[in-house]
Amino acid sequence: MGFFKKHWKIILCGTFIGIVATLLQKFGNPANMGVCVACFERDIAGALGFHRATVVQYLRPEIFAFVLGSFASSLLFKEFKPRGGSLPLVRFFLGFFAMLGALVFLGCPWRALLRLAGGDWNAIAALVGLVVGVFIGVQFIKGGYNLGRSYPAYKFPGLLMPLMMLGLLLLLIIKPVVPGGVPFFSQKGPGSQHAPIIISFIIAFFIGIFAQRTRFCTMGAVRDIILMRDFHLASGVISLLAFAFLSNLALGQFKPGFFNQPVAHTNQIWTFFGMVLSGLAYALAGGCPGRQLFLSGEGDIDAGVFVIGMIVGAGFAHNFATAASPAGVGPWSPIAVVAGLFFCIATGLFMRKKIA
Amino acid sequence: MAKKLLDLRGLSCPQPVFETKKAVEDPSFEELEVLVDTKTSVENIQRLLSRMAGVTHAVEEGEDFKVIISRT
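The sections below set out a description of the structure shown in this document. All residue numbers refer to positions counted from 1 along the written sequence of the respective chain. Key to labels: chains lettered from A, ligands numbered from 1, both in the order written. The predicted origin of the model limits local features to residues at a pLDDT of at least 70 and limits the giving and counting of side-chain atom pairs to 80 or more, whereas totals for whole chains, interfaces and linings rest on all residues. Calculated side-chain values reflect all of the structure's heavy atoms, with hydrogen atoms and water omitted.

1. A word on the overall build of chain A
Working step 1: Scanning chain A for helices and strands turns up 14 helices and two strands.
Working step 2: Taking 2.2 N^0.38 as the reference for a compact globule, 356 residues should give roughly 21 Å; the C-alpha atoms of chain A span a radius of gyration of 19 Å, in line with that estimate.
Working step 3: Referenced to the eigenvectors of the C-alpha coordinate spread, the extents of chain A come out at roughly 55 × 45 × 45 Å.
Working step 4: Burial here depends on accessible area, computed with a 1.4 Å probe over protein chains only, as a share of the maximum for the residue type. Under 20% is buried, over 50% is exposed, and the range in between is partly exposed. Taken across its 356 residues, chain A has 60% of its residues classed as buried.
Working step 5: Between two residues, a contact is recorded if the distance between any of their heavy atoms is within 4.5 Å. Relative to all contacts within chain A whose residues are 6 or more apart in sequence, the contacts with residues 24 or more apart total 82%.
Working step 6: A total accessible area of about 13,500 Å² is found for chain A, and carbon and sulfur atoms account for 75% of it.
Working step 7: Residues scored as positive are Lys and Arg, those scored as negative are Asp and Glu, and His as well as the terminal groups of each chain are ignored. To locate a charge, the coordinates of NZ of Lys, CZ of Arg, CG of Asp or CD of Glu are taken. The averaged location of the 10 negative side-chain charges in chain A is 2 Å from the averaged location of its 27 positive side-chain charges. Runs of E in the DSSP output that reach at least two residues are strands. Runs of H or I that reach at least four are helices, and both are numbered from the N terminus. Here the globule rule is a power law, 2.2 Å times the number of residues to the power 0.38, and the radius of gyration is based on C-alpha atoms. In these tables, accessible area is a Shrake-Rupley quantity obtained with a 1.4 Å probe, and a residue counts as shielded only by the protein chains included in the view.

Right, dumping it as structure tokens:
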């Protein structure tokens, strides 16, 4: 009981995300993909024409609402603090390669949890990969790895990510007619499956508020256990998994097995290594894809650069066939994962400085 | 040992709480002032200290945050 008393906010945040994610699937989002930061950023990259995979193009309002919800919350609670300058280019590439890894598995850590909660056992290899990736990252952190300080910035750059998200939301609502056809919206496939805009936006806006308040982070959950024996963030992540599972049962969305799972493949080896890469990149960047969005909403410009890196990475991944599909991993998936691991290991090894 | 000052402003998670942990666990620790720039870091450090025996702390809030940690 004492545990609940100490951690109730983060537990409720995880519970909320778990339940509303499965509800969003009921309302129209793809199966086991109620919210997936990596998949949804990939869909946004497609809608903007950064890649031409016609089945994954949509301007996902959940992503915009995450940032805007966090922005509103940080203003309300006086935590909006524009800051930046901690090796933005490195953070860009961490985001870029994190996305390459995520698209080999087909999901971010949130979706790995939602896939498991929906009975997709392929997610187990992904979660093991996440733990291994974060474990490697923790070894670098223990060895002195850090990207140096960020510094207080002008207010205006702190507003850029919320403004960009607002602009993208307007694109979704107005759907302007542009020569060439952008923004693209999938006619079939996962990109064509989505809940009504207003429902997605409101639900995700509240996720943004709660996650900004509680600092919800899936990577941090694993990292804090390994590094500090601290189960605070993990209590939120476990409640997400548990309540998504219960909610799936109640909604008739639980379908256990390895095969024929929605937007998934069964290649365990590259599922594992894809997530090792992502997990390591998240650990080196200091937050999972969701957390980076919430941070960018409260003025963390470097987190915004990581987000842009992920969106660019998504475009690259589909253009260069490094992204997997339900048919299996792409022809260039293994190369992408190996290249990403080299980058992350070099980052971890060569960026050490004594802080104090 | 005299009072030690740690300036951990602007560092990404988990550096502020991890550096604080190392400093408090150091045998020479007597009194420590930690400077951080986000409420998140303060919360993380407070959660860390709540799991450690024999330390007490106070938080000063201004433009940044100062956590003053000492032995009980």
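2. A word on the nonpolar core
Working step 1: Judged by nonpolar contacts, the single largest core of 120 residues is most densely connected at L94(A), W110(A), M165(A) and I69(B).
Working step 2: Looking at this core, the element that brings in the most residues is helix 4 (residues 88-105) of chain A, giving eleven residues.
Working step 3: Each residue touching W110(A), except ones within four places of it in the same chain, is listed here: I17(A), V35(A), F66(A), I207(A), F216(A), T218(A), C288(A), G290(A) and F294(A). The nonpolar core is taken to be a set of buried Ala, Val, Leu, Ile, Met, Phe, Trp, Tyr and Cys residues, with the residues joined through side-chain atoms within 4.5 Å.

3. A closer look at the layout of surface pockets
Working step 1: In this analysis, the protein atoms alone were mapped onto a 1 Å grid. Cavities are point sets where a 1.4 Å probe fits without being able to get out; pockets are open sets with protein on both sides within 12 Å along at least five of seven lines; lining residues have an atom within 4 Å of a point. Grid points are joined across faces, edges and corners, and a volume is the space filled by probe spheres set on the points. Here the largest pocket defines a volume of roughly 950 Å³.
Working step 2: For the largest pocket, the lining is made up of 42 residues, of which R213(A), T214(A), R215(A), T40(B) and E43(B) are closest to its centre.
Working step 3: Of all the secondary-structure elements, those providing two or more residues to the lining of the largest pocket are helix 1 (2-27), helix 8 (197-214), helix 9 (218-228), helix 10 (232-251), helix 12 (289-297) and helix 13 (301-319) of chain A together with helix 2 (39-50) of chain B.
Working step 4: For the lining of the largest pocket, the element with the highest residue contribution is helix 1 of chain A, accounting for eight residues.
Working step 5: Under this grouping Gly is polar, as are all residues other than the nonpolar Ala, Val, Leu, Ile, Met, Phe, Trp, Tyr, Cys and Pro and the charged Asp, Glu, Lys and Arg. Considering only residue class, the lining of the largest pocket consists of 13 nonpolar, 14 polar and 15 charged.
Working step 6: Taken as a whole, the second largest pocket spans an internal volume of roughly 540 Å³.
Working step 7: As for the second largest pocket, its lining consists of 28 residues, and the residues nearest its centre are F80(A), K81(A), D37(B), E63(B) and D64(B).
Working step 8: Sorting the residues of the lining of the second largest pocket by element identifies strand 2 (151-152) of chain A together with helix 2 of chain B as the ones contributing at least two each.

Nothing here speaks to function; it is all geometry.
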